Amino acid sequence: MDTKVVALANQKGGVGKTTTAINFSACLAEKRKKILLVDLDPQANATSGIGLEKGASSSIFPALLGEVDGVSLIQKTGIKNLDIIPSELDLAGAEIAIARRDDYLHRLREAMEPIVDSGIYDFIVLDCPPSLGILFMNALNIADEVIIPLQCEYLALEGLGVMVDIVNQIRDAGNPRLHISGILMTMYNVSTNLSQQVVQEVVKHFGDRVFETLIPRNVRLSEAPSYGKPIITYDPYCVGSAAYRNLAKEFLKRQKQHEAEVADEELPTLSSVVPPVESSEENDLPVSG
Ligand code: ATP
Ligand code: MG
């Protein structure tokens, strides 16, 4: 299987991008998928949340400048099948540093291409910063798909239209594989009507693109990063662990469906080769009886 690049993106802050990046990656790794998590946020929360010390190793920044090969920045996490390219605060200067270049929207592609082409990983998961800036655009230019975490709160959909427009523009401008594979409802509160109403509203807009799996609000999920552990190591049997394991399972099932749909689109069909025959009396077959 080719390496697929999945971006976790939403310009809204605090919606569960990083929590999902860490735990979704760990659950895919548990299912024996080879995963590279790339922390594209200068806040470096995915880096510390997976157990690496912030600032101890280089971010992707020098690879964006073309100074080093992206491969040399890969670090092991303590988790089997899960590697990371960490982040640190210097990444905050990356947007300004690369903005002067003509190919400033494709720097991540150049940095990551040898890793993608090597096929070592099944999935590369990009934890995006909460903005629609240059790093986000770079992420979309290399991504096959985008997962949008939405918090089950009032105004969850606010600003989403702009992001969907940018995804469409980048797809049309040269990354035809790019698609929004799923909307993930996070911090679902079982004891409020609001969560339920928000999910209903989002399904009205996005239909079956909304993941069946809902991520509940779960205090264990918010504690785990301070121990530098994904939830399935920190508390393997809590509801947060169950939810992210379900997400990984649903995601892999959707991958198979998507591949089948793409293969179907590429199949020649009779109607694409032979123009429809005009019906006329001469063409009608004699009917016996
Ligand atoms: P940013 O935009 O700043 O990068 P983010 O979208 O990556 O934020 P997170 O950092 O994943 O969001 O989550 C924001 C906060 O909410 C964190 O403190 C996290 O621990 C907490 N949180 C995320 N998901 C859940 C959950 N399902 N249950 C409880 N707390 C959660
Ligand atoms: Mg984050």
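Just so you know, these numbers come straight off a predicted model, no measurement behind them.

The rules behind the values
Residues numbered from 1 in each chain as written. Chains lettered and ligands numbered in written order. Predicted model: local features only at pLDDT ≥ 70, side-chain atom pairs only at ≥ 80, totals over all residues. Heavy atoms only, no water. Helix = DSSP H or I, 4+ residues; strand = E, 2+ residues; numbered from the N terminus. Buried < 20%, exposed > 50% of the residue type's maximum accessible area, 1.4 Å probe, protein only. Contact = heavy atoms within 4.5 Å. Lys, Arg positive; Asp, Glu negative; His and termini not counted. Charge placed at Lys NZ, Arg CZ, Asp CG, Glu CD. Pairing = 2+ DSSP bridges. Axes fitted to C-alpha atoms, helices over the stretch in contact; angles between N-to-C directions. Near = heavy atom within 4 Å. Polar contact = N/O pair within 3.5 Å; in protein donor to acceptor, adjacent residues only side chain to side chain. Areas by Shrake-Rupley, 256 points an atom, 1.4 Å probe, with all protein chains shown as cover. Nonpolar A, V, L, I, M, F, W, Y, C, P; charged D, E, K, R; others polar. Parallel < 35°, antiparallel > 145°, perpendicular 65-115°, else oblique. Left-handed = near helix turned anticlockwise from the far one by under 90°.

Draft legend 1. Up close: the overall build of the protein. What the protein contains, in helices and strands, is 12 helices and seven strands. Counting only C-alpha atoms, the protein reaches 85 × 50 × 35 Å along its principal axes. Residue burial in the protein is summarised as follows: out of 289 residues, 49% are buried. Considering only contacts within the protein whose residues lie at least 6 apart along the sequence, 79% involve residues at least 24 apart. Charged side chains in the protein number 26 positive and 39 negative. The centres of these two groups are separated by 9 Å.

Draft legend 2. Spotlight on the sheet that holds strand E5 (residues 123-127). Taken in spatial order, the seven strands make up an open sheet running E3-E4-E2-E5-E1-E6-E7, and their pairing is mixed. This sheet does not close on itself; its edge strands, each paired only once, are strand E3 (75-76) and strand E7 (179-186). Across three bridges, strand E1 (residues 4-8) lies against strand E6 (residues 145-151) in parallel orientation. Residue pairing across strands places alanine 7 opposite valine 146, the latter belonging to E6. Where helix H7 (residues 160-172) meets the sheet, it contacts E6 and E7, and its direction lies at approximately 175° from that of E6.

Draft legend 3. Layout of the pairing of E5. Burial analysis of E5 places five of its five residues in the buried class, which makes it a mostly covered element. Every second residue of E5 is oriented toward a common face, with Phe123, Val125 and Asp127 on one face and Ile124 and Leu126 on the other, all of them buried. Where strand E2 (residues 35-39) and E5 come together, five bridges link them in parallel fashion. From the neighbouring strand, leucine 37 faces E5, where its bridge partner is valine 125.

Draft legend 4. Just the site of ligand 1, in detail. Taken together, 18 residues form the shell around ligand 1, and within it Lys17, Thr18, Thr19, Pro216 and Asn218 come nearest. Within the side chain of aspartate 41, an N or O atom sits 3.4 Å from an oxygen atom of ligand 1. Protein chains bury 80% of the 630 Å² of accessible surface belonging to ligand 1 in isolation. Among the secondary structure elements, those contributing two or more residues to the shell around ligand 1 are helix H1 (17-30) and helix H9 (219-223). Residue contributions to the shell around ligand 1 peak at three residues, all from H1. Taken together, the residues that form the shell around ligand 1 break down as six nonpolar, eight polar and four charged.

Draft legend 5. Layout of the packing of helix H5 (residues 107-118) against helix H6 (residues 134-142). Close contact between H5 and H6 brings their axes to 8 Å; oriented N to C, the two are set at 40°. Between H5 and H6, the angle falls in the class oblique. Crossing of H5 over H6 shows right-handed handedness. Along its contact with H5, which presents Arg107, Leu108, Arg109, Met112 and Val116, the element H6 presents Asn138, Ala139, Asn141 and Ile142. Considered class by class, the residues forming the contact of H5 with H6 number five nonpolar, two polar and two charged.

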